[in-house]
Each structure stands twice: as structure tokens, then as C-alpha cells.
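# Topology and contacts: notes
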Amino acid sequence: MADRRNRRCGFGNGCTNEKCEMVHPIGFVRKKKQIAEENCVFGLDCGRLDCIRKHPEGFICKEKPVDKRAIVSCGVLFVRIEKGECQVLLGLENRKTLKNSEYLPLWHPLGGKIDAEEEEKDAAAREVWEETGKQHISKEWVRELLDGKDTIRVSPMKRRYTLFVVGRSDGIPEEYLDQMNSKEVFEIIWVPWLKMLKGEEFASQVKETKIPLSDLSEDIIRTDQAREAVMKLTQLIVEREKVEWKEDPKEFQEMEKLLKQTRSPKKCNHVLKGLPCYNGINCMFTHPDG
């Protein structure tokens, strides 16, 4: 193995590791790692040795074991055509935001973490069953769907996450959606796919206000594979169920171009951590320098 001291440091001028022995640019001056003023949302339970946020007095960080699996969580995005409109199913749950690391109610695909020794599809079916109250949607029905021709598997952005886009909704009873009995999800609604592509907020009956999309939902609409999967399944639904799709395909094509030309309003995760961005001009997220 090559000597680490002969290799170039990937952080360049932004390196703050005092023990780093790699090569840095000429004139490099190491900067001390800045301590953020905000309190760590995990408090005494924080397990990150590199966390720069404030912790309660007497806090001792105990590093948590790192999950080295390629995929650690999964979700299911159901697609249907209702009254001539392409719609997808989202749940309202507390999600952490990259912007301020707070947990807020946001619209998010049904799903969650994959347990140890659990297969992706088994985890996805279990999560949908749990988040819909364990009585409204059959776990076996979802699991069977994930092996069928009406399901397309995609991986949004560079997350360790798998999304199953499903073009079936006949096993989802409409009457229960406003009578949720789940400890994980406050509410489930069908939302227009075109409005989701536009990043619109959707009204919640439970919270009595409009709620924005989660960070993951925004990543999904900016992933070519996910958009293509929804459009392909929409066409399959039209052919299979003989229903009319009244929306203009040109509107979706225009949104495709817009999403490819513009960056996400979210700040780049590297920038939030005070690190240089490796994606450069190809990064889909916002940088302070534009």
C-alpha cells in the first residue's frame, strides 16, 4: 500500500484534521474546526465524534457502530390515476431537516429503516404495513406487488436508500386515509405528481396548515430514474385500467427541463459541514457562492 504521506488530501485547503499527514496545496494553513452555536438535537444521545454542535453539560460522546451496508432504508411510492390526474401517496411524519437539523412534520414516502438480516422488499412491505396502522393495507399484498411488473426500483440521488415505485392502488382503501391509527405517521394523502414536481406544499387536515416536502421527497423529484418510473407506470395504468389521463405531457416535459437546469433550494451537505464540495458545478444543491 502506498504511503499516505505521498497522497493528496481530498479536503485541500479545507482540511481541519490536525493528525492529517497527506499532501496539501502550497501555502496551506490549517484552520481550527469551528464550533457551531446551535445545540445538537441528539443531546446526550449524540454518537458522532466529529459533531461540532453544543451538548449538555457532562456529555461524553460514545461512538455508535457504523452501519456499513450499501442500503440502510427503503420506501414505497404508490402511483394512481384519479379523475384524469397522476397522483402519488405520501405520509406526514416527523423528519429531520438538513437546513437546521430540526425534526418537523413533512410529507414523505411510506417506508423506513431496514432491520439487520432483512431483505429490502420485506422491509418495504413491513414499513408500509406499520405506517398505515397494521390493519388497513395487507403486508402480503405489498410484498407480492414488489416482485411484480407494476414495480420499478430506483435509488434517489446518492443516498443509501431504495425506492420502490408501484403502479397499483387497488389494495389501498380510500375511506381510512383520514382515520389513521398509526404511531409513526400522522396522515396519508394522495397528492398530484405534477404539483409535487413543482415543490408545492400540501394541506394537512391534522396540522390544519400547508406542509412542505421532506428532503428525501425533494431528492426523489430531482432523480431522473424516479421521474421516469412514475411516467412509465402511469402509461401502464392507462393501458391496464382503460382510464383517461387528462394532463398534458408537455407540462411534465417542461418540469423535467426545469429540474435539470436548476439546483435544489437545499444547501449542499458538504457546505453545511464546512467541507469543500467534490461535485463542483454538477452539484444539485445550493452553494453560498451560487
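By convention here, two paired aromatic rings are described through the distance between centres and the angle between planes. Taken as a whole and judged by the stated rule, the model has 2 aromatic pairs. With 5.6 Å between their ring centres and 50 degrees between their planes, Trp245 and Phe252 make a pair best called tilted. Of the two residues, Trp245 and Phe252, neither departs from the other in class, the shared state being buried. The positively charged end of Lys139 is found above the aromatic ring belonging to Trp129, 4.2 Å away from the centroid.

Moving on to the packing of helix 1 (residues 120-131) against helix 2 (residues 139-146). The interhelical angle for the contact between helix 1 and helix 2, taken along N-to-C directions, is 145 degrees, at an axis separation of 8 Å. Considering how the two elements wind past one another, helix 1 and helix 2 form a crossing that is right-handed. Each of Lys121, Asp122, Ala124, Ala125, Arg126, Val128 and Trp129 in helix 1 lies in contact with helix 2, whose residues at this interface are Lys139, Val142, Arg143 and Leu146. Considering only residue class, the contact of helix 1 with helix 2 consists of 6 nonpolar, no polar and 5 charged.

End to end, helix 5 (residues 224-241) covers 26 Å across 18 residues, agreeing with the expected 26 Å (1.5 Å per residue, within 8%). Among the residues of helix 5, Ala226, Arg227, Ala229, Val230, Met231, Leu233, Thr234 and Ile237 are the ones counted as buried. Just past helix 5, the residue Lys242 takes up positive phi, approximately 55 degrees.

Conventions we followed
- Residues numbered from 1 in each chain as written.
- Predicted model: local features only at pLDDT ≥ 70, side-chain atom pairs only at ≥ 80, totals over all residues.
- Heavy atoms only, no water.
- Phe/Tyr/Trp six-rings, centres within 6.5 Å; stacked < 30°, edge-to-face > 60°.
- Buried < 20%, exposed > 50% of the residue type's maximum accessible area, 1.4 Å probe, protein only.
- Lys NZ or Arg CZ within 6 Å of the ring centre and 35° of its normal.
- Axes fitted to C-alpha atoms, helices over the stretch in contact; angles between N-to-C directions.
- Helix = DSSP H or I, 4+ residues; strand = E, 2+ residues; numbered from the N terminus.
- Left-handed = near helix turned anticlockwise from the far one by under 90°.
- Contact = heavy atoms within 4.5 Å.
- Nonpolar A, V, L, I, M, F, W, Y, C, P; charged D, E, K, R; others polar.
- Expected span 1.5 Å × (residues − 1).

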